[in-house]
Amino acid sequence: MENQTSPQTQAGTLEPGIANLLAAISGELDREVENGLPGEEAEALLGMLGEARQALEAGEHAAAEGFLSSMKERKPGMAPLQGALVYTIIAQQQWDRVKEQEEVLLQMAANPEQAGDFQGMVASQLSALGHDGRAAEKLEALIAKLPGREADFVPLLSAVYVRLGRPEESWSIIEQALPEEGQESVVHLPLVVSAVNRVIDLKKWDVWAKIQLRVRRYLKSLTDENEQLRARVVLLLECQAYMQAGRFREAEIYAELAYGMDSHNEEVRELRKQMQEMHGLSKELEKMRKDAGIHPGIAIRNMEWYYAEFNEEAAVSLRASLPEEVLSRIDAEPEKLMHGILQLRFRYPAFYRRYQEEWQEVYKQKQAELAQLAGK
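As a starting point, this report considers the structure included with it. (Residues numbered from 1 in each chain as written. Predicted model: local features only at pLDDT ≥ 70, side-chain atom pairs only at ≥ 80, totals over all residues. Heavy atoms only, no water.)

### Here's the deal with empty space enclosed by the protein
Unoccupied space between atoms shows up once a probe the size of one water molecule is rolled over them.
Here is step 1: Here the structure, examined in full by the defined rule, presents two cavities of 30 Å³ or more.
Here is step 2: Reported here for the largest cavity is a volume of approximately 60 Å³.
Here is step 3: As for the largest cavity, its lining consists of Leu178, Val192, Ala195, Ile211, Arg214, Val215 and Tyr218.
Here is step 4: Those elements that provide at least two residues to the lining of the largest cavity are helix H10 (189-201) and helix H11 (208-221).
Here is step 5: Of the residues in the lining of the largest cavity, the class split is six nonpolar, no polar and one charged. (1 Å grid on protein atoms, 1.4 Å probe; cavity = no way out; pocket = protein on both sides within 12 Å on 5 of 7 lines; lining within 4 Å. Points joined across faces, edges and corners; volume = space filled by probe spheres on them. Helix = DSSP H or I, 4+ residues; strand = E, 2+ residues; numbered from the N terminus. Nonpolar A, V, L, I, M, F, W, Y, C, P; charged D, E, K, R; others polar.)

Next comes the structure, spelled out in C-alpha coordinates:
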(Lines give C-alpha, C1' and ligand atoms only; values in the text may rest on other atoms or scores of the structure.)
Protein backbone atom coordinates (compact mmCIF):
# COMPACT_ATOMS: atom_id res chain seq x y z
CA MET A 1 0.00 0.00 0.00
CA GLU A 2 2.23 2.76 -1.25
CA ASN A 3 -0.20 5.69 -1.19
CA GLN A 4 0.54 6.78 2.35
CA THR A 5 1.44 10.46 2.32
CA SER A 6 0.71 11.84 5.76
CA PRO A 7 3.77 12.00 8.05
CA GLN A 8 1.49 11.93 11.10
CA THR A 9 -1.14 9.27 10.57
CA GLN A 10 -2.31 9.76 14.13
CA ALA A 11 -1.11 11.53 17.25
CA GLY A 12 2.25 10.18 18.41
CA THR A 13 2.81 8.12 15.26
CA LEU A 14 5.70 8.85 12.93
CA GLU A 15 5.78 8.35 9.18
CA PRO A 16 7.66 5.06 8.55
CA GLY A 17 10.60 6.66 6.71
CA ILE A 18 11.64 8.95 9.55
CA ALA A 19 10.84 6.27 12.13
CA ASN A 20 13.26 3.93 10.35
CA LEU A 21 15.96 6.60 10.29
CA LEU A 22 15.61 7.22 14.01
CA ALA A 23 15.83 3.47 14.62
CA ALA A 24 18.98 3.34 12.46
CA ILE A 25 20.55 6.18 14.48
CA SER A 26 19.76 4.35 17.71
CA GLY A 27 21.26 1.15 16.29
CA GLU A 28 24.47 2.90 15.30
CA LEU A 29 24.78 4.41 18.77
CA ASP A 30 24.35 0.95 20.31
CA ARG A 31 27.15 -0.38 18.11
CA GLU A 32 29.40 2.53 19.09
CA VAL A 33 28.78 1.76 22.76
CA GLU A 34 29.91 -1.82 22.10
CA ASN A 35 33.01 -0.41 20.43
CA GLY A 36 33.92 1.82 23.34
CA LEU A 37 31.75 4.95 23.21
CA PRO A 38 31.62 6.25 26.81
CA GLY A 39 28.30 5.62 28.52
CA GLU A 40 27.91 9.28 29.47
CA GLU A 41 28.32 10.37 25.85
CA ALA A 42 25.91 7.68 24.64
CA GLU A 43 23.34 8.69 27.23
CA ALA A 44 23.53 12.33 26.13
CA LEU A 45 23.12 11.41 22.46
CA LEU A 46 20.21 9.09 23.15
CA GLY A 47 18.59 11.81 25.22
CA MET A 48 18.81 14.23 22.29
CA LEU A 49 17.47 11.54 19.99
CA GLY A 50 14.51 11.03 22.30
CA GLU A 51 13.84 14.77 22.34
CA ALA A 52 13.98 14.85 18.54
CA ARG A 53 11.47 11.99 18.34
CA GLN A 54 9.07 13.77 20.67
CA ALA A 55 9.35 16.96 18.62
CA LEU A 56 8.68 15.06 15.40
CA GLU A 57 5.68 13.32 16.92
CA ALA A 58 4.33 16.76 17.87
CA GLY A 59 4.99 18.13 14.37
CA GLU A 60 7.63 20.56 15.74
CA HIS A 61 10.16 20.10 12.94
CA ALA A 62 12.35 23.12 13.72
CA ALA A 63 12.80 21.87 17.28
CA ALA A 64 13.56 18.37 15.99
CA GLU A 65 16.18 19.84 13.66
CA GLY A 66 17.79 21.58 16.62
CA PHE A 67 18.20 18.36 18.59
CA LEU A 68 19.48 16.46 15.55
CA SER A 69 21.92 19.28 14.72
CA SER A 70 23.34 19.03 18.23
CA MET A 71 23.88 15.34 17.65
CA LYS A 72 25.46 16.09 14.27
CA GLU A 73 28.09 18.26 15.95
CA ARG A 74 29.21 15.22 17.93
CA LYS A 75 28.64 12.58 15.25
CA PRO A 76 29.01 14.23 11.80
CA GLY A 77 29.81 10.93 10.07
CA MET A 78 26.49 9.23 10.84
CA ALA A 79 24.54 8.95 7.55
CA PRO A 80 21.10 8.18 9.07
CA LEU A 81 21.46 11.31 11.20
CA GLN A 82 22.20 13.41 8.12
CA GLY A 83 19.20 11.82 6.41
CA ALA A 84 16.92 12.67 9.33
CA LEU A 85 18.06 16.29 9.13
CA VAL A 86 17.02 16.38 5.46
CA TYR A 87 13.55 15.27 6.55
CA THR A 88 13.17 18.01 9.15
CA ILE A 89 14.27 20.70 6.68
CA ILE A 90 11.90 19.42 3.97
CA ALA A 91 9.10 19.60 6.54
CA GLN A 92 9.92 23.30 6.98
CA GLN A 93 9.96 23.79 3.17
CA GLN A 94 13.32 25.54 3.26
CA TRP A 95 14.35 24.37 -0.18
CA ASP A 96 17.79 25.99 -0.44
CA ARG A 97 18.75 24.41 2.86
CA VAL A 98 17.30 21.07 1.73
CA LYS A 99 19.66 21.14 -1.26
CA GLU A 100 22.63 21.98 0.96
CA GLN A 101 21.86 19.22 3.45
CA GLU A 102 21.28 16.71 0.65
CA GLU A 103 24.74 17.52 -0.70
CA VAL A 104 26.22 16.83 2.74
CA LEU A 105 24.44 13.47 2.74
CA LEU A 106 25.58 12.58 -0.78
CA GLN A 107 29.21 13.34 0.07
CA MET A 108 28.99 10.48 2.55
CA ALA A 109 28.08 7.95 -0.16
CA ALA A 110 30.73 5.29 -0.70
CA ASN A 111 29.82 4.83 -4.39
CA PRO A 112 27.29 5.92 -7.04
CA GLU A 113 24.94 3.11 -6.01
CA GLN A 114 24.76 4.34 -2.44
CA ALA A 115 24.36 7.92 -3.67
CA GLY A 116 21.35 6.71 -5.64
CA ASP A 117 19.97 5.08 -2.50
CA PHE A 118 20.35 8.34 -0.59
CA GLN A 119 18.59 10.32 -3.33
CA GLY A 120 15.81 7.75 -3.43
CA MET A 121 15.40 8.21 0.31
CA VAL A 122 15.10 11.98 -0.14
CA ALA A 123 12.47 11.45 -2.86
CA SER A 124 10.55 9.22 -0.47
CA GLN A 125 10.73 11.92 2.21
CA LEU A 126 9.44 14.54 -0.22
CA SER A 127 6.50 12.31 -1.10
CA ALA A 128 5.77 11.41 2.53
CA LEU A 129 5.61 15.10 3.38
CA GLY A 130 3.23 15.88 0.52
CA HIS A 131 5.65 17.27 -2.07
CA ASP A 132 4.91 14.78 -4.82
CA GLY A 133 5.83 17.12 -7.68
CA ARG A 134 9.37 17.51 -6.35
CA ALA A 135 9.53 13.78 -5.59
CA ALA A 136 8.55 12.95 -9.18
CA GLU A 137 11.26 15.22 -10.62
CA LYS A 138 13.92 13.61 -8.44
CA LEU A 139 12.79 10.06 -9.23
CA GLU A 140 12.59 10.73 -12.96
CA ALA A 141 16.17 12.07 -12.89
CA LEU A 142 17.34 9.04 -10.91
CA ILE A 143 15.80 6.56 -13.33
CA ALA A 144 17.43 8.33 -16.26
CA LYS A 145 20.79 8.49 -14.45
CA LEU A 146 20.83 4.92 -13.15
CA PRO A 147 19.48 2.55 -15.83
CA GLY A 148 18.96 -0.94 -14.52
CA ARG A 149 17.71 0.22 -11.14
CA GLU A 150 14.09 0.70 -12.13
CA ALA A 151 12.97 -1.77 -9.48
CA ASP A 152 14.31 0.60 -6.82
CA PHE A 153 12.64 3.80 -8.01
CA VAL A 154 9.71 3.05 -10.33
CA PRO A 155 7.35 1.71 -7.61
CA LEU A 156 7.43 5.00 -5.71
CA LEU A 157 7.27 7.09 -8.88
CA SER A 158 4.25 5.11 -10.04
CA ALA A 159 2.48 5.79 -6.72
CA VAL A 160 3.45 9.46 -6.92
CA TYR A 161 1.96 9.71 -10.42
CA VAL A 162 -1.33 8.37 -9.06
CA ARG A 163 -1.43 11.12 -6.45
CA LEU A 164 -0.52 13.72 -9.08
CA GLY A 165 -3.47 12.66 -11.23
CA ARG A 166 -1.33 11.05 -13.95
CA PRO A 167 -2.81 7.53 -14.07
CA GLU A 168 -1.70 6.57 -17.57
CA GLU A 169 1.93 7.40 -16.80
CA SER A 170 1.62 5.55 -13.51
CA TRP A 171 0.60 2.37 -15.29
CA SER A 172 2.90 2.68 -18.30
CA ILE A 173 6.11 3.03 -16.27
CA ILE A 174 5.24 -0.15 -14.38
CA GLU A 175 4.62 -2.03 -17.63
CA GLN A 176 7.89 -0.75 -19.11
CA ALA A 177 9.91 -1.57 -16.00
CA LEU A 178 8.67 -5.14 -15.52
CA PRO A 179 11.22 -7.57 -17.00
CA GLU A 180 10.33 -10.29 -19.45
CA GLU A 181 8.77 -13.36 -17.87
CA GLY A 182 11.48 -15.77 -16.84
CA GLN A 183 13.97 -12.93 -16.38
CA GLU A 184 12.67 -11.77 -13.00
CA SER A 185 14.45 -12.19 -9.70
CA VAL A 186 13.76 -11.27 -6.10
CA VAL A 187 15.01 -7.71 -6.77
CA HIS A 188 11.90 -7.21 -8.89
CA LEU A 189 9.58 -7.93 -5.95
CA PRO A 190 8.79 -4.20 -5.33
CA LEU A 191 7.85 -3.82 -9.01
CA VAL A 192 5.58 -6.86 -8.91
CA VAL A 193 3.82 -5.62 -5.76
CA SER A 194 3.53 -2.17 -7.30
CA ALA A 195 1.82 -3.67 -10.35
CA VAL A 196 -0.80 -5.23 -8.06
CA ASN A 197 -1.29 -1.95 -6.21
CA ARG A 198 -1.70 -0.02 -9.45
CA VAL A 199 -4.44 -2.41 -10.56
CA ILE A 200 -6.13 -1.59 -7.25
CA ASP A 201 -5.51 2.17 -7.28
CA LEU A 202 -6.43 2.66 -10.93
CA LYS A 203 -9.28 0.11 -10.83
CA LYS A 204 -7.81 -1.78 -13.78
CA TRP A 205 -9.84 -4.88 -12.97
CA ASP A 206 -10.08 -5.68 -16.69
CA VAL A 207 -6.38 -6.66 -16.65
CA TRP A 208 -6.35 -8.25 -13.19
CA ALA A 209 -6.65 -11.85 -14.41
CA LYS A 210 -3.57 -11.36 -16.60
CA ILE A 211 -1.57 -9.59 -13.89
CA GLN A 212 -2.59 -12.10 -11.24
CA LEU A 213 -1.40 -15.01 -13.39
CA ARG A 214 1.93 -13.31 -13.98
CA VAL A 215 2.37 -12.52 -10.29
CA ARG A 216 1.62 -16.13 -9.33
CA ARG A 217 4.16 -17.39 -11.86
CA TYR A 218 6.73 -14.93 -10.55
CA LEU A 219 6.20 -16.02 -6.95
CA LYS A 220 6.56 -19.68 -7.93
CA SER A 221 9.83 -18.84 -9.71
CA LEU A 222 11.42 -17.91 -6.38
CA THR A 223 13.08 -21.16 -5.30
CA ASP A 224 15.53 -19.92 -2.68
CA GLU A 225 14.03 -20.26 0.83
CA ASN A 226 15.17 -16.79 1.92
CA GLU A 227 13.68 -15.23 -1.21
CA GLN A 228 10.42 -17.07 -0.64
CA LEU A 229 10.33 -15.88 2.97
CA ARG A 230 10.99 -12.29 1.90
CA ALA A 231 8.18 -12.44 -0.64
CA ARG A 232 5.71 -13.91 1.84
CA VAL A 233 6.54 -11.24 4.41
CA VAL A 234 5.99 -8.48 1.84
CA LEU A 235 2.66 -9.97 0.77
CA LEU A 236 1.49 -10.29 4.36
CA LEU A 237 2.53 -6.72 5.18
CA GLU A 238 0.54 -5.45 2.19
CA CYS A 239 -2.42 -7.54 3.33
CA GLN A 240 -2.14 -6.10 6.84
CA ALA A 241 -1.97 -2.51 5.55
CA TYR A 242 -5.16 -2.90 3.52
CA MET A 243 -6.83 -4.77 6.37
CA GLN A 244 -6.07 -1.94 8.83
CA ALA A 245 -7.56 0.51 6.35
CA GLY A 246 -10.74 -1.57 6.18
CA ARG A 247 -10.14 -2.43 2.51
CA PHE A 248 -10.85 -6.13 2.61
CA ARG A 249 -11.22 -6.81 -1.10
CA GLU A 250 -7.63 -5.64 -1.53
CA ALA A 251 -6.47 -7.44 1.62
CA GLU A 252 -8.00 -10.65 0.28
CA ILE A 253 -5.99 -10.28 -2.94
CA TYR A 254 -2.74 -10.38 -0.98
CA ALA A 255 -3.95 -13.15 1.32
CA GLU A 256 -4.73 -15.24 -1.76
CA LEU A 257 -1.26 -14.59 -3.21
CA ALA A 258 0.38 -15.61 0.08
CA TYR A 259 -1.84 -18.70 0.18
CA GLY A 260 -0.73 -19.59 -3.34
CA MET A 261 2.87 -19.56 -2.13
CA ASP A 262 2.30 -21.52 1.08
CA SER A 263 -1.11 -23.19 1.23
CA HIS A 264 -0.01 -25.53 4.04
CA ASN A 265 0.85 -22.71 6.44
CA GLU A 266 -1.90 -22.65 9.06
CA GLU A 267 -1.55 -18.91 9.77
CA VAL A 268 -1.75 -18.05 6.08
CA ARG A 269 -4.78 -20.32 5.65
CA GLU A 270 -6.53 -18.67 8.60
CA LEU A 271 -5.68 -15.18 7.30
CA ARG A 272 -7.09 -16.06 3.88
CA LYS A 273 -10.28 -17.35 5.49
CA GLN A 274 -10.66 -14.21 7.60
CA MET A 275 -10.10 -11.89 4.65
CA GLN A 276 -12.66 -13.80 2.60
CA GLU A 277 -15.17 -13.39 5.42
CA MET A 278 -14.39 -9.71 5.93
CA HIS A 279 -14.63 -9.06 2.19
CA GLY A 280 -18.04 -10.71 2.23
CA LEU A 281 -19.04 -8.44 5.12
CA SER A 282 -17.83 -5.35 3.31
CA LYS A 283 -19.97 -6.21 0.27
CA GLU A 284 -23.01 -6.75 2.47
CA LEU A 285 -22.29 -3.50 4.29
CA GLU A 286 -22.56 -1.56 1.03
CA LYS A 287 -25.88 -3.24 0.35
CA MET A 288 -27.05 -2.56 3.91
CA ARG A 289 -26.30 1.17 3.61
CA LYS A 290 -28.76 1.40 0.71
CA ASP A 291 -31.42 -0.76 2.38
CA ALA A 292 -34.20 1.57 3.50
CA GLY A 293 -36.17 -1.37 4.91
CA ILE A 294 -33.63 -2.53 7.48
CA HIS A 295 -34.24 -1.66 11.14
CA PRO A 296 -31.72 1.01 12.30
CA GLY A 297 -30.85 -1.10 15.34
CA ILE A 298 -29.70 -3.92 13.11
CA ALA A 299 -27.70 -1.77 10.69
CA ILE A 300 -25.95 0.19 13.44
CA ARG A 301 -25.05 -2.82 15.58
CA ASN A 302 -23.67 -4.64 12.55
CA MET A 303 -21.53 -1.65 11.65
CA GLU A 304 -20.27 -1.24 15.21
CA TRP A 305 -19.18 -4.88 15.44
CA TYR A 306 -17.68 -4.75 11.96
CA TYR A 307 -15.64 -1.58 12.57
CA ALA A 308 -14.47 -2.83 15.96
CA GLU A 309 -12.55 -5.59 14.22
CA PHE A 310 -10.11 -3.17 12.57
CA ASN A 311 -10.89 0.40 13.69
CA GLU A 312 -12.00 0.67 17.30
CA GLU A 313 -12.13 4.47 17.12
CA ALA A 314 -14.60 4.37 14.22
CA ALA A 315 -16.75 1.85 16.08
CA VAL A 316 -16.87 4.00 19.22
CA SER A 317 -17.66 7.22 17.34
CA LEU A 318 -20.31 5.73 15.04
CA ARG A 319 -23.33 6.56 17.20
CA ALA A 320 -22.06 10.07 17.86
CA SER A 321 -22.15 10.72 14.11
CA LEU A 322 -25.80 9.70 13.69
CA PRO A 323 -28.86 12.03 13.74
CA GLU A 324 -30.98 11.98 16.91
CA GLU A 325 -33.97 10.57 15.02
CA VAL A 326 -31.92 7.54 14.00
CA LEU A 327 -30.49 7.06 17.49
CA SER A 328 -33.99 7.14 18.98
CA ARG A 329 -35.02 4.13 16.88
CA ILE A 330 -32.06 1.85 17.71
CA ASP A 331 -33.86 0.17 20.61
CA ALA A 332 -37.40 1.16 19.68
CA GLU A 333 -39.95 -1.25 18.23
CA PRO A 334 -38.45 -4.42 19.78
CA GLU A 335 -40.84 -6.70 17.86
CA LYS A 336 -39.68 -5.27 14.53
CA LEU A 337 -36.07 -5.57 15.65
CA MET A 338 -36.60 -9.24 16.57
CA HIS A 339 -38.28 -9.88 13.23
CA GLY A 340 -35.32 -8.23 11.49
CA ILE A 341 -32.89 -10.47 13.37
CA LEU A 342 -34.76 -13.55 12.15
CA GLN A 343 -34.57 -12.22 8.59
CA LEU A 344 -30.89 -11.32 8.91
CA ARG A 345 -29.64 -14.81 8.09
CA PHE A 346 -31.40 -14.67 4.71
CA ARG A 347 -30.82 -11.02 3.74
CA TYR A 348 -27.29 -10.65 5.14
CA PRO A 349 -25.92 -14.16 5.75
CA ALA A 350 -22.29 -13.07 6.12
CA PHE A 351 -23.16 -10.67 8.94
CA TYR A 352 -25.41 -13.22 10.61
CA ARG A 353 -22.72 -15.92 10.55
CA ARG A 354 -20.03 -13.56 11.80
CA TYR A 355 -22.05 -12.15 14.70
CA GLN A 356 -24.52 -14.95 15.34
CA GLU A 357 -23.82 -15.16 19.08
CA GLU A 358 -24.19 -11.40 19.48
CA TRP A 359 -27.50 -11.38 17.60
CA GLN A 360 -28.84 -14.27 19.63
CA GLU A 361 -28.05 -12.31 22.79
CA VAL A 362 -29.81 -9.19 21.45
CA TYR A 363 -32.81 -11.33 20.51
CA LYS A 364 -33.01 -12.74 24.06
CA GLN A 365 -32.79 -9.23 25.54
CA LYS A 366 -35.64 -7.95 23.38
CA GLN A 367 -37.67 -11.06 24.13
CA ALA A 368 -37.24 -10.39 27.86
CA GLU A 369 -38.20 -6.75 27.40
CA LEU A 370 -41.43 -7.74 25.65
CA ALA A 371 -42.25 -10.30 28.37
CA GLN A 372 -41.70 -7.62 31.03
CA LEU A 373 -43.96 -5.18 29.20
CA ALA A 374 -46.65 -7.85 28.83
CA GLY A 375 -46.54 -8.57 32.54
CA LYS A 376 -47.28 -4.98 33.54
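### Brief notes about the packing of helix H1 (residues 16-34) against helix H4 (residues 79-91)
Here is step 1: At a closest axis distance of 9 Å, the pairing of H1 and H4 adopts a crossing angle of 150°. As the angle between them shows, H1 and H4 are arranged roughly antiparallel. Crossing angle aside, the handedness with which H1 passes H4 is left-handed. Residues Ile18, Leu21, Ala24, Ile25 and Glu28 of H1 form the contact with H4, whose participating residues are Pro80, Leu81, Gly83, Ala84 and Tyr87.
Here is step 2: Here the residues of the contact of H1 with H4 are counted per class, giving eight nonpolar, one polar and one charged. (Axes fitted to C-alpha atoms, helices over the stretch in contact; angles between N-to-C directions. Parallel < 35°, antiparallel > 145°, perpendicular 65-115°, else oblique. Left-handed = near helix turned anticlockwise from the far one by under 90°. Contact = heavy atoms within 4.5 Å.)

### Considerations on helix H6 (residues 112-128)
Here is step 1: Relative to the 24 Å expected for 17 residues at 1.5 Å per residue, H6 spans 24 Å between its end C-alpha atoms, a close match to the ideal helical length.
Here is step 2: Every buried residue of H6 is accounted for by Ala115, Gly116, Phe118, Gln119, Gly120, Val122, Ala123, Gln125, Leu126, Ser127 and Ala128.
Here is step 3: Considering only its buried residues, H6 is in contact with H1, H4, helix H5 (95-106), helix H7 (132-145) and helix H8 (150-163).
Here is step 4: Near the N-terminus of H6, the side chain that reaches the backbone nitrogen of Glu113, with its oxygen 3.1 Å away, is that of Asn111.
Here is step 5: Where H6 ends, the next residue or the one after it, Gly130, has phi of about 90°, a positive value. (Expected span 1.5 Å × (residues − 1). Buried < 20%, exposed > 50% of the residue type's maximum accessible area, 1.4 Å probe, protein only. Polar contact = N/O pair within 3.5 Å; in protein donor to acceptor, adjacent residues only side chain to side chain.)

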